[in-house]
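Descriptive analysis of the structure
So you can see what is in the structure, the chains are spelled out below.
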Amino acid sequence: MKKLQIAIAADHLERYHRCKRQLDSCSVAQVRAWLERLPAMEQALCRIVLNNIRAGRKAKRDGVPLSEVIPVVASDELRAAHEAAISQQLTQLQERNTI
C-alpha cells in the first residue's frame, strides 16, 4: 500500500508541474487544445489542477491568503478510477521487476 501512495503522490506532482508549465508558457487557447488531446481521465484531473492553480494565482493577485482558497477536488469516482489506474501500472512494473 505504501508504494501505491508514493506512486499516486508522484503522479500528482508530475501532473502539477505539467499543468503549471502549460499555464506559464501557453495561451488560453493553446492550453485548451492541449487539454483536448489528453485521455479523458487525465483531462479531468488536469482541469482540476489548472483550476486550482488559477484560483491560487487570483487569490494572490487579490491579496487573499491561500489558506482561504477552497481547492477543487476530484470526485470520489474519479479518484477511485485514478487510484485503480496507478495500481495497475504499479502491478505491471512489479511484474517486470522494474521497481
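Summary of the structure given here. For clarity, every value in this text was computed on a predicted model and none was experimentally measured.

Right, let's talk about the overall build of the protein for a bit. In terms of regular secondary structure, the protein is built from four helices and zero strands. Sequence-ordered secondary structure for the protein, helices as α and strands as β, is α-α-α-α. Expressed as lengths along the three principal axes of its C-alpha atoms, the size of the protein is roughly 50 × 30 × 25 Å. For the protein, with 99 residues in total, the buried portion stands at 26%. In the protein, the share of contacts with a sequence separation of at least 24, taken over all contacts with a separation of at least 6, comes to 66%.

A few words on the environment of K58. Of note, K58 is situated in helix α3 (residues 40-62). When the C-alpha atoms of K58 and V69 are compared, they prove to be 9.7 Å apart, with eleven residues separating the residues in sequence.

Moving on to the nonpolar core. Judged by nonpolar contacts, C19, L23, V31, W34, L35, L38, C46, V49, L50 and I53 together constitute the single largest core of ten residues. Mapped onto this core, the elements with two or more residues apiece are α1 (2-25), α2 (28-36) and α3. Looking at this core element by element, the count peaks at four residues for α3. Once residues within four sequence positions are removed from consideration, V31 is found in contact with Q22, L23, C26 and L50.

Moving on, we come to the layout of surface pockets. If a probe the size of a water molecule is rolled over the atoms, the empty space left behind becomes visible. In this model, the largest pocket occupies a volume close to 270 Å³. Forming the boundary of the largest pocket are 13 residues, of which H12, L45, I48, A74 and R79 lie nearest the centre. Of all the elements in the fold, those that place two or more residues in the lining of the largest pocket are α1, α3 and α4 (76-95). Ranked by residue count, the leading element in the lining of the largest pocket is α3, at four residues. Of the volumes computed, that of the second largest pocket is approximately 230 Å³.

The rules behind the values
- Residues numbered from 1 in each chain as written.
- Predicted model: local features only at pLDDT ≥ 70, side-chain atom pairs only at ≥ 80, totals over all residues.
- Heavy atoms only, no water.
- Helix = DSSP H or I, 4+ residues; strand = E, 2+ residues; numbered from the N terminus.
- Buried < 20%, exposed > 50% of the residue type's maximum accessible area, 1.4 Å probe, protein only.
- Contact = heavy atoms within 4.5 Å.
- Core = buried A, V, L, I, M, F, W, Y, C linked by side-chain atoms within 4.5 Å.
- 1 Å grid on protein atoms, 1.4 Å probe; cavity = no way out; pocket = protein on both sides within 12 Å on 5 of 7 lines; lining within 4 Å.
- Points joined across faces, edges and corners; volume = space filled by probe spheres on them.

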